[in-house]
Amino acid sequence: MLKELFISNPELKRNIWLELTPGRLIIMPLVLGAIFFVAGYPYLAESYLTCLIILRLVSVLIFGGLVFVWGTKLCCESLIDEVNQRTWDSQRVTSSSPWEMVIGKLFGSTIYPWYGGMFCIAVWFVSSLYLFKTVTHIKLLVITICAGVLIHAVSLLLVLIGIRRGRDRKKINSSFYFLGPLILLLLFIGPKAKYFDNIYHSINLYGLSSIFQESEITWYMFEFSYPDFVMFMLLIFLIWAFVGLYRNMRTEFQFSNGPWVWVSFLMTLMICCSGFTANIRGLKFTDYLMAGLCLSLGIGIVITYITAFCEPKNIVGFRLLADNIRKRDWREFQRNLPLWMITFIVTFALWVIIFTVLLVKNKTALPEEIGVLSAIYFFNLLCFWLRDLCLLIYVNLKKASVRADIAALIYLLIFYLLPAILLSESGNDALLAVFLPVFRSSLINGTLPVLVQFLFIFLLLSRCWRIKSRIPDNGAENKTA
Amino acid sequence: MQRICFMINVENLIYEYPGKRALADVSFKIKSGSVTALVGPNGAGKTTLLKCLAALTKPFGGRISVRGVDILKEPRKCHQMMGFLPDFFGLYDSLTVRQSLTYFAMAQKLEKKRIPDRVESLVEKLDMKDKFREKVGNLSRGMRQRLAIGQAMIHDPELLLLDEPASGLDPESRNALSELFLELNRDGKTLIVSSHILYELEQYAGDILILRDGRIVDRDISAGSFEARRIRIRVLNIPDSITGLLEKTGHVENVRIHDSEITLDFTGDGKEQHDLLKSLMNANVTVKEFYVKKQSIQDQYLETAELRA
């Protein structure tokens, strides 16, 4: 298995032929050596510890540039170039397995940045051995390496989804797939970036470790130190990123995927996030449970939106599902279900549980009376959620172009933001519940208007479906007419 | 009785794009060892059909099997049996010819020790020996086409699907390509070739599949039917009884008379053709010219197109 994946992997070999030429193999250590020399030499006379700190900092920065920026770019382009240069179809008809292709693309395309990154890791590792808090620094090193692999995997995953969306397009632009994960990463580490300044300006020996001097994290009943928890979560999401890559590559290779792996991912995500409710002190067990359920519902709703926007939503897919239902071919129906529908079904099941519990507990008490945990509030939330999904599908069926999603996004922004701004400006905050899922609402000023909005969009969608779901002609009739 | 072995069996294939049915209930069978020309106007669904056959795109409905293997259930197994050359194919310009072929040989899971021999024999077959170590980016259009075909057949597949393989080639390269297809066919390969250049298909195609508006045109044109001959006779004076005289032979159809020229479709063999000429001479018809024109794929295609219109 490992031999097939790494040693005799044709995609990996092809990338090695292209990326690791003798010239490039020599240039990289020479350039890096020169940078390290220029950076560290002036401090050598001052103190060797200062020099090591500088070398460590420089190695971190170069590693970031090589692996996170350049590596992510190459990783995206490895697949996008195949599509743009029309070699992807030739790859898809080979006997390479989805795993081989995933490994080949993920590590093959980034092999040169990783080659350079290895020198940085060596400098980082050696400098950490001579400096204080060695274990902490080694943990940070492991986290950085895992994060590098994760960002490559996520960008490749986005590209695979993008290819499926733009199957009929001649060219795919790599910028979004390259910049998207990088921006996310920056948002994640942004608040922590200040510690780099500390090191750089004050040559603070402990500067690099300041990230780890935060309080411990409680996850369910477990207490984790910050780096341990980050490593734990990175490992979980790295595994899921690989599973996601494998499943998407299977789809590219025309294999069918069932819904259960995606359901397992959703459950993992919900369980992972629900663990953080343990940080809220002084709740009863049932409250923790409810908080976890509500958090999971929120995650489910967000994932429904993300997947609904990311996946193709053309009439053919819907007609195929309708055909499966008509023929009662449930096996095929499961295979053809888009991820956003699976997410919707799972999340809707959660909604039913929460709604039922709240209905039994609080009857039809208004949100204003008992706070956010009111059945009415969750009903409003469902209406908003359904309205948005219906609108997204309606625009896609109507427009049937790649811009349909952008149009739907603009409509949604207008629906949510414009009334909110206007009402806030005019001082009519009470009417906000008609346009936003705020919990200061009543039946008249909240539930009914939202229900009407949903029913109106649903009516439009069903009319559009009736027209579009007819068997399309093949043009012959038009020509003979 | 000889049992016909089918390489491809397509049943009620349906493929849809949003708002358009690209393939509508397409059914056909392709014999093993045959060369089939897939022809039709632009937008008829040729590329879509080939992509469905190559298990590169999932149809809306229907069933496709290659040597009895369902391509929807076992796409990888089918890929091992086939090679596919897309219409706008791409090559890895930074690799050499040898590296390109070696890469595809590895990707097609050829035994490691067999790869160098296979690559060399293929390069010889493709007449690219002198380009062996050359970068793909430096190859001419014709050579690139040959390399792409080489990549598609590196694993010695039984079936080759070629989408517009001769487009953009000069006459010399096109002729060499036809020779290559004939050679592959002699080796027992089954070929499906989509092309616009109909007169070239005639050089190697034994069967023809006409697609129009996503449907197979209901007409069987095959190697046998190429033998249907069209005879053109020029005479000095046309006697009134000529139609009756020709029809009496029993092998004449579609007699058309224009000025001093008679055109007819003749279904008989060589001996009966001789008898036809003899009967004309005996009836003192002043035959000035008598020539036989085999009906080409192009003639048949255009005729079919005319009938459809």
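Because the structure is predicted, anything quoted here is derived from the model rather than measured.

## Considering the overall build of chain B
Link 1 in the chain: Within chain B, the secondary structure is distributed over 11 helices and 15 strands.
Link 2 in the chain: Taken across its 309 residues, chain B has 53% of its residues classed as buried.
Link 3 in the chain: In chain B, the proportion of contacts linking residues at least 24 apart, taken out of those at least 6 apart, comes to 69%.
Link 4 in the chain: Of the accessible surface of chain B, which amounts to about 14500 Å², a share of 46% is contributed by carbon and sulfur atoms.

## A few points about helix α6 (residues 98–108) of chain A
Link 1 in the chain: Within α6(A), nine of the 11 residues are buried, leaving the element largely enclosed by the surrounding structure.
Link 2 in the chain: Along α6(A), the residues that are buried comprise Pro98(A), Glu100(A), Met101(A), Val102(A), Ile103(A), Gly104(A), Lys105(A), Leu106(A) and Gly108(A).

## Description of the packing of helix α8 (residues 134–165) of chain A against helix α11 (residues 226–252) of chain A
Residue and element names in this part refer to chain A.
Link 1 in the chain: For the pair α8 and α11, the least separation of the axes is 9 Å and the interaxial angle reads 25 degrees. Considering the angle they form, α8 stands roughly parallel to α11. The way α8 lies across α11 gives a crossing that is left-handed.
Link 2 in the chain: Partitioned by chemical class, the residues of the contact of α8 with α11 number 22 nonpolar, three polar and four charged.

## Digging into the interface of chain B and chain A
Link 1 in the chain: Taken together, the contacts link 38 residues of chain B with 40 residues of chain A.
Link 2 in the chain: With both sides pooled, the region where chain B packs onto chain A buries about 3800 Å², and carbon together with sulfur makes up 57% of that total.
Link 3 in the chain: Inspection of the region where chain B meets chain A yields four salt bridges.
Link 4 in the chain: In this structure, the salt-bridge partner of Lys51(B) is Asp89(A), at a minimum N-O distance of 3.1 Å.
Link 5 in the chain: At the surface where chain B touches chain A, the tally comes to 21 residue pairs in polar contact (both at pLDDT 80 or more).
Link 6 in the chain: The biggest single contributor to the side of chain B that touches chain A is helix α3 (residues 97–107) of chain B, with six residues.
Link 7 in the chain: Split by residue class, the side of chain B that touches chain A holds 20 nonpolar, nine polar and nine charged.

## Focus on the sheet that holds strand β2 (residues 20–31) of chain B
Sheet strands pair by backbone hydrogen bonding; their relative direction is either parallel or antiparallel.
All names here are of chain B.
Link 1 in the chain: Across the sheet, which stays open at both edges, the four strands sit in the order β2-β1-β4-β5 with antiparallel pairing between neighbours. Only two strands of the sheet have a single partner each, and these edge strands are β2 and β5 (69–70).
Link 2 in the chain: Sheet topology places strand β1 (residues 6–17) next to β2; eight bridges connect them, and they run antiparallel. When the bridges of β2 are listed, Tyr 15 appears paired with Leu 23.
Link 3 in the chain: With respect to the sheet, helix α1 (residues 46–53) is in contact with β1, β2 and β4 (61–66), its orientation differing from that of β1 by roughly 120 degrees.

## Re the confidence of the model for chain B
Link 1 in the chain: When pLDDT is averaged across chain B, the result is 86; 90% of the residues are at 70 or more.
Link 2 in the chain: Model confidence for the complex is summarised by a pTM of 0.85, with the ipTM given as 0.85.

## Description of empty space enclosed by the protein
Link 1 in the chain: Applying the stated criterion to the full structure yields one cavity of 30 Å³ or more.
Link 2 in the chain: In terms of lining residues, the largest cavity is bounded by 16 residues, among which Ser90(A), Phe84(B), Ala148(B), Gln151(B) and Ala152(B) are the most central.
Link 3 in the chain: For the lining of the largest cavity, the secondary-structure elements that each account for two or more residues are β6 (82–85) and α5 (141–152) of chain B.
Link 4 in the chain: Broken down by element, the residue count for the lining of the largest cavity peaks at four residues, all from β6(B).
Link 5 in the chain: When the residues that make up the lining of the largest cavity are grouped by side-chain class, the tally is 10 nonpolar, six polar and no charged.

What counts and how
Residues numbered from 1 in each chain as written. Chains lettered and ligands numbered in written order. Predicted model: local features only at pLDDT ≥ 70, side-chain atom pairs only at ≥ 80, totals over all residues. Heavy atoms only, no water. Helix = DSSP H or I, 4+ residues; strand = E, 2+ residues; numbered from the N terminus. Buried < 20%, exposed > 50% of the residue type's maximum accessible area, 1.4 Å probe, protein only. Contact = heavy atoms within 4.5 Å. Areas by Shrake-Rupley, 256 points an atom, 1.4 Å probe, with all protein chains shown as cover. Axes fitted to C-alpha atoms, helices over the stretch in contact; angles between N-to-C directions. Parallel < 35°, antiparallel > 145°, perpendicular 65-115°, else oblique. Left-handed = near helix turned anticlockwise from the far one by under 90°. Nonpolar A, V, L, I, M, F, W, Y, C, P; charged D, E, K, R; others polar. Buried area = accessible area lost by both parts, 1.4 Å probe. Salt bridge = Lys/Arg side-chain N within 4 Å of Asp/Glu carboxyl O. Polar contact = N/O pair within 3.5 Å; in protein donor to acceptor, adjacent residues only side chain to side chain. Pairing = 2+ DSSP bridges. pLDDT = per-residue confidence, 0-100. 1 Å grid on protein atoms, 1.4 Å probe; cavity = no way out; pocket = protein on both sides within 12 Å on 5 of 7 lines; lining within 4 Å. Points joined across faces, edges and corners; volume = space filled by probe spheres on them.

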